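Chain by chain, the residues run as shown.
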Amino acid sequence: NAGVMQNPRHLVRRRGQEARLRCSPMKGHSHVYWYRQLPEEGLKFMVYLQKENIIDESGMPKERFSAEFPKEGPSILRIQQVVRGDSAAYFCASSPGQANHYGYTFGSGTRLTVV
Amino acid sequence: TQLLEQSPQFLSIQEGENLTVYCNSSSVFSSLQWYRQEPGEGPVLLVTVVTGGEVKKLKRLTFQFGDARKDSSLHITAAQPGDTGLYLCAGDMDSNYQLIWGAGTKLIIKP
């Protein structure tokens, strides 16, 4: 009974490098959401995707950040030219339909540290 | 401006005590979800409340949705160290697919 799988759990990048965060949703879930969380803070919505489509990316910075959810394979959150301010925990969640009706199943997150 | 206000932000109590945390808004929600997040992990859905005045129980946890569907509370009876975590509420305004998230209540139960 695999839940939402995120990898890597921890990622260290130097300033200017690229970070790639992967998320495999629960089996049967076609809706994927990415959230960012700073220490001692709540969740900040970044992007909502369905297979091959970005539904809402209003929470994702226009520059350096991109997300995809291809027909085959995991969803990818990509951060180019990372800066120290990108250091945070990034959570992926999936749902079988819209999460406002079904609730989210979250992964364990990727903790990105930019040095 | 936070649409969902959670209080208190932080609570530290002894094992065996009772506590209540709150999730308040001036907006009406069609439903509200409660999550618990343990350190180093993602949030886990505890309950969804849908009807105004609804009360749901999950062992020692009691969730209530306000009559006007603007607020919710979580009451824990005889708290245990395993209840330690960040409690998040998230509301559905039914205007789109997104949930509105509170900033969370960090709860520590001391043995």
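About the cut-offs
Each chain carries its own residue numbering, running from 1 in the written order of its sequence. Key to labels: chains lettered from A, ligands numbered from 1, both in the order written. Under the rules for a predicted model, residues below a pLDDT of 70 receive no local features and side-chain atom pairs below 80 are neither given nor counted, while totals for whole chains, interfaces and linings still include all residues. Only heavy atoms go into the side-chain values, all of them from the structure, while hydrogens and water stay out. Only protein chains enter the accessibility calculation, which uses a 1.4 Å probe; a residue is then buried when its area is under 20% of its type maximum, exposed when over 50%, and partly exposed in between. Helix and strand labels come from DSSP, where a helix needs a run of H or I of at least four residues and a strand needs a run of E of at least two; each type is numbered from the N terminus. The pairing criterion for strands is at least two bridges between them, as found by DSSP. Contacts are assigned to residue pairs with any non-hydrogen atoms lying within 4.5 Å of each other. Note on terms: buried area is the combined drop in 1.4 Å-probe accessible area of two parts once they are placed together, counting the loss on both. Take a side-chain nitrogen of Lys or Arg and a carboxyl oxygen of Asp or Glu: if they are within 4 Å of each other, that pair is a salt bridge. Counted as a polar contact is a pair of N or O atoms within 3.5 Å, where, for protein atoms, one must be capable of donating a hydrogen and the other of accepting one, and residues adjacent in sequence contribute only when both atoms are in side chains.

1. What to know about the pairing of strand S9 (residues 88-95) of chain A
All names here are of chain A.
Alright, step 1. With eight of eight residues buried, S9 lies mostly within the body of the structure.
Alright, step 2. Of the two faces of S9, the one carrying Ala 88, Tyr 90, Cys 92 and Ser 94 and the one carrying Ala 89, Phe 91, Ala 93 and Ser 95 are both buried.
Alright, step 3. Pairing analysis gives seven bridges linking strand S4 (residues 31-37) to S9, with the strands arranged antiparallel. Counterpart to Gln 37 in the pairing with S9 is Ala 89.
Alright, step 4. One ladder, built from three bridges, connects S9 with strand S11 (residues 110-114); its direction is antiparallel. Pairing of Tyr 90 across the sheet is with Thr 110, part of S11.

2. Remarks on the interface of chain B and chain A
Alright, step 1. Each partner contributes residues to the interface: chain B has 21 residues there, and chain A has 24 residues.
Alright, step 2. Here chain B packs against chain A, burying approximately 1,700 Å² in sum over the two surfaces, 47% of which is carbon and sulfur.
Alright, step 3. Counting across the interface, chain B meets chain A through one salt bridge.
Alright, step 4. The residue A:Arg9 makes a salt bridge to B:Glu41 at a minimum N-O spacing of 3.7 Å.
Alright, step 5. At the boundary of chain B with chain A, the tally comes to six residue pairs in polar contact (both at pLDDT 80 or more).
Alright, step 6. Those elements that provide at least two residues to the side of chain B that touches chain A are strand S4 (31-37), strand S9 (85-92) and strand S10 (99-101) of chain B.

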